[in-house]
Amino acid sequence: MLCSATGITQADPTPLTIGDYFPRKQLLQEANLPAALWQRKSILITIWSPNCGSCFRELDHLQILQEKFQKELLILPVTESSEEEVKTLFKKVNWKLPRLNMIYNDAFFTKLFPHKIISHNIWIGKNDTVQYITDGKQVDEKQLTLFCKGINVNMPQKKELLDFDAKQALWQEGNGRFVDHLISYSYFMREIEAVSPNGGEMLLDSNHVARGFKAINAELAYLYFLETTRKRFSTLPDTKRIWLEVDKKDSVLLRQRICYESWLQNGNREKIYEVLAQDLKAHFPFTWQMEKRKVPSYALEQISDPVSSPKKNKPNGNQVYQFTKATPQGVANELEKHFNLKEPVIATIDRGTLLTIKLYQPLNTLEDLNRQLAPYGLKFTRREQELDMLVIIRK
């Protein structure tokens, strides 16, 4: 005996899950299913849809299983579609409608057993307890044999996050409940107000291996600088060696402060900066490379041999700096900080030279400085010179 039943019309039910009681007599009678179909039998409710291509094959398989388990099992497909819609679609695709008891126009069982993915299979034991909830792959002769005998069946249960919002960013969904699922990532953010810039730092894993990079409130141009200097180990000393060949609008963009963070599961320093370069190329309309440019700058030069002992030329003021066997560029960098210079500062003196210098107050102007550098044969001047510059241009 085959029966085509209509959906139950009662109010929204309280959802059931594994271990809950299933009131079969009340529900199946209300669905107009004869008691002979379901009394003293296990029940397999299969919620399906005509829009599910694989469900057609599953229904064919269920028909075979129903014939084998006719005495001990009721297989009950349930769909929200009408009987007419189902028959029309099966005829259209030239597929034979399986000989199964079926509930059409359902608005109840789909709420009683909430789900998003079909087919959705609910295994109800003879004791009216929901014993398993699975996908269609678990429904086979071996599993049903054990189930109908009341033997525990070891099979994967179907898991669905019914409140999952696929429209949200994955790492934000559910108030960040999947953040610990992140394997690798990289992203840019707008400036975070009231947070100090960090200048960029490597992120290390528990074994102190570099896996990622973080820059907080850094100028966009500075990220190009970091990619150039840290990945390629350039001699470019500071951000004053950035040359923007862009219009005013792009210049504003390149001076805008942003945040950047990356994490690579199998990263290393070289790969981290490769990803930074790829991200910069993908998200911003600029290209960058090292080129020679003639620019205003300051230079610490050796113009002569020392002409007298520094002690004999000691000014009356207090000592400000003492350099002992310092590199020329190290001295130049300290002078740059002291005078708060906004243009590149370089030392043209041979790198192998080490300087021992004492400087005293007053040291307010370059004239003050050069009077004290003269006994050492040194001079600090502003001039135009050709330097290696990080040139950023629009693509």
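Shown above is the structure to which this text applies.
Residues numbered from 1 in each chain as written. Predicted model: local features only at pLDDT ≥ 70, side-chain atom pairs only at ≥ 80, totals over all residues. Heavy atoms only, no water.

Asks: Now, about the overall build of the protein chain: what can you tell me, with residues and values included?
Replies: Check the secondary structure of the protein chain and you find 12 helices and 16 strands. By the compact-globule yardstick of 21 Å for 395 residues, the protein chain is too spread out, its C-alpha radius of gyration being 38 Å. Principal-axis analysis of the C-alpha atoms places the extent of the protein chain at approximately 120 × 40 × 35 Å. Within the span of the protein chain, comprising 395 residues, buried residues form 43% of the whole. Taking the contacts inside the protein chain whose residues are at least 6 apart along the sequence as the reference set, 73% of them involve residues at least 24 apart. Of the side chains in the protein chain, 54 bear a positive and 47 a negative charge, and the two mean positions are spaced by 3 Å. (Helix = DSSP H or I, 4+ residues; strand = E, 2+ residues; numbered from the N terminus. Rg over C-alpha atoms; globule rule 2.2 N^0.38 Å. Buried < 20%, exposed > 50% of the residue type's maximum accessible area, 1.4 Å probe, protein only. Contact = heavy atoms within 4.5 Å. Lys, Arg positive; Asp, Glu negative; His and termini not counted. Charge placed at Lys NZ, Arg CZ, Asp CG, Glu CD.)

Asks: Residues and numbers for the packing of aromatic side chains, please.
Replies: Following the criterion strictly, the structure yields 19 aromatic pairs and no others. Ring centres 5.7 Å apart and planes at 15° place the aromatic pair Tyr-321 and Phe-323 in the stacked group. There is no split in this pair, since Tyr-321 and Phe-323 are both buried. Ring-pair connections join several aromatic residues into one group, and the members of that group are Trp-48, Phe-56, Phe-90 and Trp-95. (Phe/Tyr/Trp six-rings, centres within 6.5 Å; stacked < 30°, edge-to-face > 60°.)

Asks: Kindly report on a nonpolar patch on the surface, identifying the contributing residues and their values.
Replies: Taken together, the side chains of Trp-171, Val-179 and Leu-182 make up a nonpolar region of the molecular surface, amounting to roughly 280 Å² of accessible area. Among the structural elements, Trp-171 can be located in the loop between helix H6 (141–148) and helix H7 (173–176). Note on Trp-171: relative accessible area 45%, which makes it partly exposed. (Patch = residues over 30% accessible without salt bridge, like charges linked within 9 Å, V, L, I, M, F, W, Y side chains within 5 Å. Areas by Shrake-Rupley, 256 points an atom, 1.4 Å probe, with all protein chains shown as cover. Salt bridge = Lys/Arg side-chain N within 4 Å of Asp/Glu carboxyl O.)

Asks: Just give me the short version of the state of the cysteines, but keep the residues and values in it.
Replies: All told, the structure shown has 1 disulfide when counted by the stated rule. The disulfide partner of Cys-52 is Cys-55, and the gap between their sulfur atoms is 2.5 Å. Residues Cys-52 and Cys-55 are joined through a disulfide that is right-handed, its torsion about the S-S bond being 85°. Take Cys-52 and Cys-55: they sit in the same class, and that class is buried. (Disulfide = S-S within 2.5 Å.)

Asks: Run through the nonpolar core, naming residues and quoting values.
Replies: Judged by nonpolar contacts, the single largest core of 28 residues is most densely connected at Leu-220, Leu-223, Tyr-224, Leu-280 and Ile-392. Elements represented by at least two residues in this core include exactly strand E9 (210–219), helix H8 (220–232), strand E11 (257–263), helix H10 (269–283), strand E12 (286–302) and strand E16 (378–394). Broken down by element, the residue count for this core peaks at 7 residues, all from H8. One finds Leu-100, Tyr-104, Tyr-132 and Val-139 within the second-largest nonpolar core, a separate group that totals 24 residues. (Core = buried A, V, L, I, M, F, W, Y, C linked by side-chain atoms within 4.5 Å.)

Asks: Provide a residue-level description of the environment of Ser-42, including the pertinent values.
Replies: Relative to the elements of secondary structure, Ser-42 occurs in strand E2 (residues 42–47). A C-alpha to C-alpha distance of 13 Å links Ser-42 and Leu-65, two positions 23 residues apart in sequence. Among all residues touching Ser-42, those that are not within four sequence positions of it are Glu-72, Leu-73, Leu-74, Ile-124, Gly-125, Lys-126, Phe-147 and Cys-148.

Asks: Any chance you could break down the sheet that holds strand E8 (residues 201–204) for me, citing the residues and the numbers?
Replies: Sheet strands pair via backbone hydrogen bonds, and the direction of the pair is either parallel or antiparallel. One open sheet holds the 4 strands; their spatial order is E7-E11-E9-E8, and the pairing between them is antiparallel. Since the sheet does not close on itself, it has two edges, and those belong to strand E7 (185–190) and E8, each with one partner. Pairs of neighbouring strands in the sheet enclose a mean axial angle of 20°, with direction left out of account. Inspection of the sheet shows E9 paired to E11 by 6 bridges, in the antiparallel sense. Each bridged residue has a counterpart across the sheet, and for Lys-214 the counterpart in E11 is Glu-261. (Pairing = 2+ DSSP bridges. Axes fitted to C-alpha atoms, helices over the stretch in contact; angles between N-to-C directions.)

Asks: Tell me about the sheet that holds E12, residues and numbers included.
Replies: Spatially, 4 strands are ordered E10-E16-E12-E14 in an open sheet, and the strand pairing comes out mixed. The sheet is open, and its two edges are formed by strand E10 (242–245) and strand E14 (345–347), each paired on a single side. Between one strand axis and the next, the sheet turns by 35° as a mean value, whatever way the strands run. Across 3 bridges, E12 lies against E14 in parallel orientation. Paired with Tyr-298 across the two strands is Val-345, which belongs to E14. Along the sheet face, helix H11 (residues 328–339) touches E12, E14 and E16 and points at about 155° away from the line of E14.

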